[in-house]
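# Tertiary structure, described
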Amino acid sequence: MLKSDKVAASVAPSAERPTGIVLGLERIVHFLEKTLPYDPRSKLSVVHVAGTNGKGSVCALVSEALIAAGYKVGTFNSPHFLEPNDALRIQGMPIPESEHAELREWIRTLDAGSQSPSGQLTSFEQVTASALWWFAQNDVDIAIIEVGMGGLRDATNVFASPDARSSMGVGRSLVQCICPVDEDHLGIIGNNVEEIAREKAGIMRPGSWIIIANQDRSEAFHKIRQIAHRVSPGRIVNVRRQPTCDIHVPNFAISPCEDSDSVIQRLRPPSDLPVWASFKGTGKRCLRAKYPASLDSYAKSAHPQRSREPTLPQTQLPPADGEPGLSAESESVRVEVDLPLALPGYYQAGNACVAFYALDVLRTQFGFTKLTDAALQVGFQNVRWPGRLSWLSLSSKRAPLSGCITPSSPTDIIDSSASADNGVGLACDNHSHSGNNSSSNECQGGAGHGSSGSESSALDPAESLDNWLLADGAHNEPAAVELRRYVDTTLRRVSQQRYIRGTRTRNANTVLPVRWIVGFSKGKNVSTILNKLVMPGDTLWMVPFSQPKEMPWIKCESPASIARVARELPSIDSSVRLEEFNHISDVVDRLAIDTSDTQLNALCGSLYLVADMYRELQIQPF
């Protein structure tokens, strides 16, 4: 990497740097093409991921599988989690802070001396340029890039088609994943869901493969599908729930608990999809996916290493949304692969499905032949994504109390089959993260930090609830719905275990309350999110988050303004206790002395607030 002092002499005054959110590609393209010593895109192949929810999980799953297969993988996420450098990772490890600081200073210096007619780079454009340069300099085999905002005008949308048919961009965008789209940044990237979907579909490239996640909003699906068929017809995988599980994706089925492939129980109706199952008799969660997956030409692509013939009757299936019908006999191969999942939550099945088909396209269409089924299984087993349905131990901030269980790594694992009816398992797996070679015995983070807390993807129902805090970055309505669903399932499991152990009277109408610890960015629909989360008898604590580094446009709602909104909601009655806090440390101090085991602690509303809690508990997620 070039040093900043090598170009300092050429720095000249230029226009003031834009502050806030400024979309557009003119500045970043000029910088990559004209200012850097060479264009880093020329050395990069990319999987590009857009959407409202699930982008980070899909990036994590794809990255881990590629790493497990032996590829050198760069991953760029937005926003960063704890520190700006953790947004840039190779093999799962962030760029060292000192190297990151030097790289960013070099980029700033070059930008200050550039003569771009469009002006200087925004802060996010600088981060993006830094990531692309670092990946190119380190010769990664592939880069997994998460869109910052929208897609069409986002600074990451600078790559060409795999066969260079696009008139814009350099490099190769092999696969584009469109995760579920909902109301997101209204007024900035669109005024309704259809406009937002059009913006996010702007990352699609001719000749590339497009993976479209199941969309809960029909207007989003139809717009995305329309654009996909116009941009890259015949190279589309629609991950949609269909009336049956015969040909159409996601094609999930329950795997028998024993080590046998002799029984596959079909799932109907589609509201039952997807369902967790047992992974190779271990009791861990998994889902069974089938491929080929699509009604497009992907279904006819060669899988020469898989010779099992289809056993479905040769009947014509009804077309989906105007697509030509596909007969069973036209499908060349139907083979199953069990995908273990370490990420908790019902919705992660959909994210895993998107990741699986993106990976299968890479290995069948773009020569990533080391991506065997075994590599996919190892990668999906190893995946971590901090701050999303993560259980944080409070033991480091609490003195041991007589009669209380000191939390350690969750070891009393619930068999996922017990929660298959709700699509949510609480299983957590022993694994070593392939990026850092550190084992944490099911608890993630805190390795090498004696006074730090710990993070886990599961809760032992035998533990005292007050020893743990559930942290999730849910900041919009769909994410709030999934969080509440996961919390309800967790509370049912805890109640069942306490009844089995004789510590609780069984009462189907009694649900343990939740202590919600929330903070929101300005512009979020606070009333809608609270409506989905807070129930009678719950507690609501409101706290601000600290200013995120390098993101001056992010502003925090005050606890008082959140409280005003909460008091106006009919669903929040007098049984809900409200309390305002000035700082996350005040919340931790209260949690440290509160030994109540009759409610679950859950922190949400903003990933920035979750990051504050990680810092306060001294948890190192990467």
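Here the structure is a predicted model, which is why all the values come from computation and not from measurement.

When helices and strands are counted, the protein chain shows 13 helices and 19 strands. By residue count, 59% of the 622 residues in the protein chain fall in the buried class. Accessible area for the protein chain stands at about 23400 Å²; split by element, carbon and sulfur atoms hold 49% of it.

When pLDDT is low, close inspection of the predicted coordinates is not appropriate. Scored by pLDDT, the protein chain has a mean of 75; 67% of the residues are at 70 or more. Looking across the protein chain, the model is least confident in strand S9 (residues 277–278), with a mean pLDDT of 38, and most confident in strand S2 (residues 73–76), with 98. Taken as a whole, residues 242–284 scores under 50 in pLDDT and shows 126 contacts with residues more than four places along the chain or in a different chain.

A word on the pairing of strand S7 (residues 209–212). Looking down a regular strand, the side chains alternate between one sheet face and the other. Here S7 shows a buried face lined by Trp209 and Ile211 and a second buried face lined by Ile210 and Ile212. When strand S6 (residues 172–178) meets S7, the two strands line up parallel, connected through four bridges. Bridging from a neighbouring strand, glutamine 176 pairs with isoleucine 210 of S7. Crossover S6 to S7 through helix H5 (residues 193–200) is right-handed. In this structure, S7 lies alongside strand S8 (residues 236–238), joined through three bridges in parallel fashion. Within S8, the position partnered with isoleucine 212 by the bridge is asparagine 238. What joins S7 to S8 is helix H6 (residues 218–231), and the crossover it makes is right-handed.

This brings us to the pattern of salt bridges. What the rule picks out here adds up to 20 salt bridges. Close ionic contact of glutamate 83 with lysine 549 constitutes a salt bridge, the shortest N to O distance being 2.6 Å. Here glutamate 83, found in the loop between S2 and strand S3 (88–90), pairs with lysine 549, found in the loop between strand S17 (539–542) and helix H11 (559–567); they are 466 residues apart in sequence, far enough to count as distant. For glutamate 83, a relative accessible area of 24% gives the class partly exposed.

It is worth spelling out helix H1 (residues 26–35) at this point. With respect to burial, H1 is a largely interior element, seven of its 10 residues being buried. For H1, the set of buried residues is Arg27, Ile28, Val29, His30, Phe31, Leu32 and Thr35. Buried residues belonging to H1 abut helix H3 (97–113) and helix H4 (123–137).

Attention shifts here to the nonpolar core. Counting 47 residues, the largest nonpolar core has Leu66, Val175, Ile211, Leu362 and Leu371 as its most contacted members. Those elements giving two or more residues to this core turn out to be strand S1 (45–50), helix H2 (55–68), strand S5 (142–146), S6, S7, strand S11 (335–340), helix H7 (348–365) and helix H8 (373–382). If one sorts the elements of this core by residue count, H7 sits on top with 10 residues. For isoleucine 211, the contacting residues outside a window of four places in its chain are Val175, Gln176, Cys177, Ile178, Val237, Val239, Val354, Tyr357, Ala358 and Val361. Membership of the second largest hydrophobic core comes to 34 residues, among which are Trp468, Leu512, Leu533 and Val534.

This part is about the sheet that holds strand S4 (residues 93–94). Think of a sheet as strands paired side by side through backbone hydrogen bonds, with each pair either parallel or antiparallel. Overall, mixed pairing links the eight strands, which are arranged S4-S3-S2-S5-S1-S6-S7-S8 in an open sheet. Two strands in the sheet have a free side with no partner beyond their single neighbour: S4 and S8. Of the strands in this sheet, S2, S3, S4 and S5 touch H4, which is tilted by about 15° from S3.

Attention now moves to the environment of leucine 23. The residue leucine 23 is located in the segment before H1 in this model. Since its relative accessible area comes to 23%, leucine 23 is described here as partly exposed. For the pair formed by leucine 23 and glycine 151, sequence separation is 128 residues and the distance between their alpha carbons is 9.6 Å. What leucine 23 contacts, discounting residues up to four positions off in sequence, is Met149, Arg153, Ile188 and Ile189.

Now for the pairing of S2. Across the two faces of S2 the burial is the same, with Val73 and Thr75 and Gly74 and Phe76 all buried. In the sheet, S2 pairs with S5 via four bridges, with the strands oriented parallel. Residue pairing across strands places threonine 75 opposite isoleucine 144, the latter belonging to S5. With three bridges connecting them, S2 and S3 associate as antiparallel partners.

What follows is about the side chain of arginine 41. Tracing the sequence through the fold places arginine 41 in the loop between H1 and S1. By relative accessible area, arginine 41 is classed as buried at 0%. Among the polar contacts listed, one links the side chain of arginine 41 to the side chain of aspartate 39, at a separation of 2.6 Å.

Contact geometry for helix H12 (residues 584–593) and helix H13 (residues 607–616): axes closest at 10 Å, N-to-C directions at 60°. Our classification of the angle between H12 and H13 gives oblique. When the axes of H12 and H13 are compared, the crossing they make is right-handed. In this structure, H12 uses Ile584, Ser585, Val587 and Val588 to contact H13, whose residues at the interface are Leu609, Asp612, Met613 and Glu616.

Time to look at unusual backbone geometry. In the segment running from serine 78 into proline 79, the intervening peptide bond is cis, with an omega of 0°. Even without a glycine there, the phi angle at glutamine 91 is positive, about 55°. Relative to the elements of secondary structure, glutamine 91 occurs in the loop between S3 and S4. On the basis of relative accessible area, glutamine 91 is assigned to the partly exposed category, the value being 25%. Of note in this structure, leucine 389 is not a glycine but carries a positive phi near 50°. Along the polypeptide, leucine 389 turns up in the loop between H8 and strand S12 (390–393). A relative accessible area of 1% places leucine 389 in the buried class.

The next thing to look at is the packing of aromatic side chains. Evaluated as defined, the whole model comprises nine aromatic pairs. Here tyrosine 38 and tryptophan 133 contribute two aromatic rings whose centre-to-centre distance is 4.7 Å and whose plane-to-plane angle is 40°, an arrangement assigned as tilted. With tyrosine 38 in the loop between H1 and S1 and tryptophan 133 in helix H4, this pair connects stretches of sequence that are 95 residues apart. Given the relative accessible area of 26%, tyrosine 38 is considered partly exposed. Exposure remark for tryptophan 133: the relative accessible area of 3% places this residue in the buried category. Consider the rings of phenylalanine 356 and tyrosine 357, whose centres lie 4.9 Å apart with planes at 70°: the pair is edge-to-face. The exposure class assigned to tyrosine 357 is buried, which follows from its relative accessible area of 0%.

So, how was this worked out
- Residues numbered from 1 in each chain as written.
- Predicted model: local features only at pLDDT ≥ 70, side-chain atom pairs only at ≥ 80, totals over all residues.
- Heavy atoms only, no water.
- Helix = DSSP H or I, 4+ residues; strand = E, 2+ residues; numbered from the N terminus.
- Buried < 20%, exposed > 50% of the residue type's maximum accessible area, 1.4 Å probe, protein only.
- Areas by Shrake-Rupley, 256 points an atom, 1.4 Å probe, with all protein chains shown as cover.
- pLDDT = per-residue confidence, 0-100.
- Contact = heavy atoms within 4.5 Å.
- Pairing = 2+ DSSP bridges.
- Right-handed = clockwise from strand over helix to strand, strands pointing away.
- Salt bridge = Lys/Arg side-chain N within 4 Å of Asp/Glu carboxyl O.
- Core = buried A, V, L, I, M, F, W, Y, C linked by side-chain atoms within 4.5 Å.
- Axes fitted to C-alpha atoms, helices over the stretch in contact; angles between N-to-C directions.
- Polar contact = N/O pair within 3.5 Å; in protein donor to acceptor, adjacent residues only side chain to side chain.
- Parallel < 35°, antiparallel > 145°, perpendicular 65-115°, else oblique.
- Left-handed = near helix turned anticlockwise from the far one by under 90°.
- Phe/Tyr/Trp six-rings, centres within 6.5 Å; stacked < 30°, edge-to-face > 60°.

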